Every structure is written in structure tokens, then in C-alpha cells.
Amino acid sequence: MKERTVTVYRTAKKTVDEFTVPYNERTTILDALEYIRLQKDPDLMYRQSCHHGSCGTCGMAVNGEFVLSCIKRLADIPEDQAVRIEPLPTMHQIGDLAFDPAEFFNEFPDDIEYKRVSEVNTDAPVPRDMEHYERFESCIECGLCVTSCPVTEDWMGPAALASIHRMIEKNPDDADTWLDRAADKRGVERCTKDFSCSRVCPTGVAPGKRITLLGSMIKKREKARASEEKPE
Ligand code: SF4
Ligand code: FES
């Protein structure tokens, strides 16, 4: 195996520590961190769970790029470039590369539908209490979109707005209720159309596009309401 030097930002100590890690073409950033924690520094903190891009816990900044560390491979970074691993900057950091996602999760509407019908067997019954475990469609709630977004205050954020758009797609009859939420002053109108959210999203949710679509729906509804109110 080849070796590579990586630097890791340590939130608690406010230091940047350097480690040498072995790697091959399959070694991910998360593998490198596991190696460091097991072999060199058991105090290193980061979040992880699935190791295959589906739990959304392992987001971090690698050379300034917001990525899932279980997917980003060391070999994807040219050998002449340093490897700098840092926490996601706008999240509430609780230690080294680990962040507390509570604030981010709280932006999702409480009554969002988490269940989806099986694509394979549409008649399959959904197990009891499944809604406590299922994630919302293809969004893995990693927060990369929120971190990449230039709007940082008074803002529901791209993931929560994308979830509202998906609810309208699934339940068009309830569109008015969901559009009211998207039209909140912390909603669509705060978007600056930067689209970095769509660029970083690892699962193709395309929040930027969904926010734009919500904006068009809101405008269309306003127009329709205004023409209804016009005197004959
Ligand atoms: S929309 Fe994409 S980037 Fe944002 S939280 Fe969901 S999966 Fe992550
Ligand atoms: S460890 Fe689950 S997405 Fe990376």
C-alpha cells in the first residue's frame, strides 16, 4: 500500500494535526479516519454509520469541498495535492469533525411524510411504526446543501424546502398548505439562486431546482388570486 499525509482540524484543541495513512485506490477519507482513530489517536471524533452513502452522517470538508467522507476516495485527490480534512463549517461542531445535526433536522416540517411505497411491490404493506425509521425519499439528510448555501440566517434551508416540494408532488391536492409554508419569510424568497446546494447533493435531490419550482408555483398562485379578486 502507498502512504499519504493528511491533515485533520481538531475542533476542541483548535489545532491541525498531521497523520500518515496507508491507502489504495479504494481507500475513502472515512477509511483513513478509521485508521487514524484505531492506530494513532483514539480521541479523534467524527460521525459515521453506514459507510456507503445512505445514512448522511459523515459529511465533512475535504480540501474545501463538502463531501460524504465514506464516498470520497483519497486516490481521487491528485498525489501532488495536500489532503486537508475539516468539519462542515456552518454546522454546530461538537468535536473535531463531528457536528450536532439537531438544528438542521429541526427545519424539516414535523408532518413530512417519511414513508414511500416500494418501487418493486406497490402492494407491499408498510411495517407498523415504519415512519419512525424511514428517511424522506432520496434525501439522506446529510446537510451538505445547507453548508454550501451562501444564505446562513433566517432561512429554512434547501433540504427542508426540497422536502416541501416533494410533498406537493406526492399530494397535489394539499399544495396550498405546503405553498403557504414555502412562502414564509424564512422560505423561498430568501434563496439567492446560487445552486451550490444542487451541486453538492450526493443523492441528486436537486434542492435548487425544487426551490425555483416552488417560487414559480407561489407566483402563479398569487397571480391567480389577484385575477380572482379583480372587479368585473
Ligand atoms: S438535499 Fe441532498 S445535500 Fe441536502 S440534505 Fe438532502 S441529500 Fe444532503
Ligand atoms: S457513513 Fe453513512 S453516508 Fe457516509
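My aim in this report is to walk through the structure given alongside it, one point at a time. (Residues numbered from 1 in each chain as written. Chains lettered and ligands numbered in written order. Predicted model: local features only at pLDDT ≥ 70, side-chain atom pairs only at ≥ 80, totals over all residues.)

Our focus in this paragraph is the site of ligand 1. Taken together, 15 residues lie around ligand 1, and Cys139, Cys142, Cys145, Cys201 and Val205 are the ones closest in. Of all elements in the fold, only helix H3 (144-148) and helix H4 (158-170) reach the threshold of two or more residues within the shell around ligand 1. By residue number, the principal contributor to the shell around ligand 1 is H4, which donates three residues. Residues belonging to the shell around ligand 1 are distributed by class as follows: 12 nonpolar, two polar and one charged. (Near = placed C-beta within 6 Å. Helix = DSSP H or I, 4+ residues; strand = E, 2+ residues; numbered from the N terminus. Nonpolar A, V, L, I, M, F, W, Y, C, P; charged D, E, K, R; others polar.)

In this model helix H1 (residues 29-40) runs 15 Å from its N-terminal to its C-terminal C-alpha over 12 residues, within 8% of the 16 Å that 1.5 Å per residue would give. For H1, the set of buried residues is Ile29, Leu30, Ala32, Leu33 and Ile36. Projected onto a plane normal to the axis of H1, the buried residues spread over an arc of 160° and lie on a single side. Of the residues in H1, the exposed ones pointing more than 90 degrees away from the buried face are Leu38 and Gln39. Each element contacted by the buried residues of H1 is listed here: strand S1 (2-10), strand S2 (15-23), strand S3 (59-62) and strand S5 (83-86). (Expected span 1.5 Å × (residues − 1). Buried ≥ 20, exposed ≤ 12 C-beta atoms within 10 Å, placed from the backbone. Arc of directions from axis to C-beta. Contact = placed C-beta atoms within 7 Å.)

Read these as layout, nothing more, since geometry by itself doesn't imply function.
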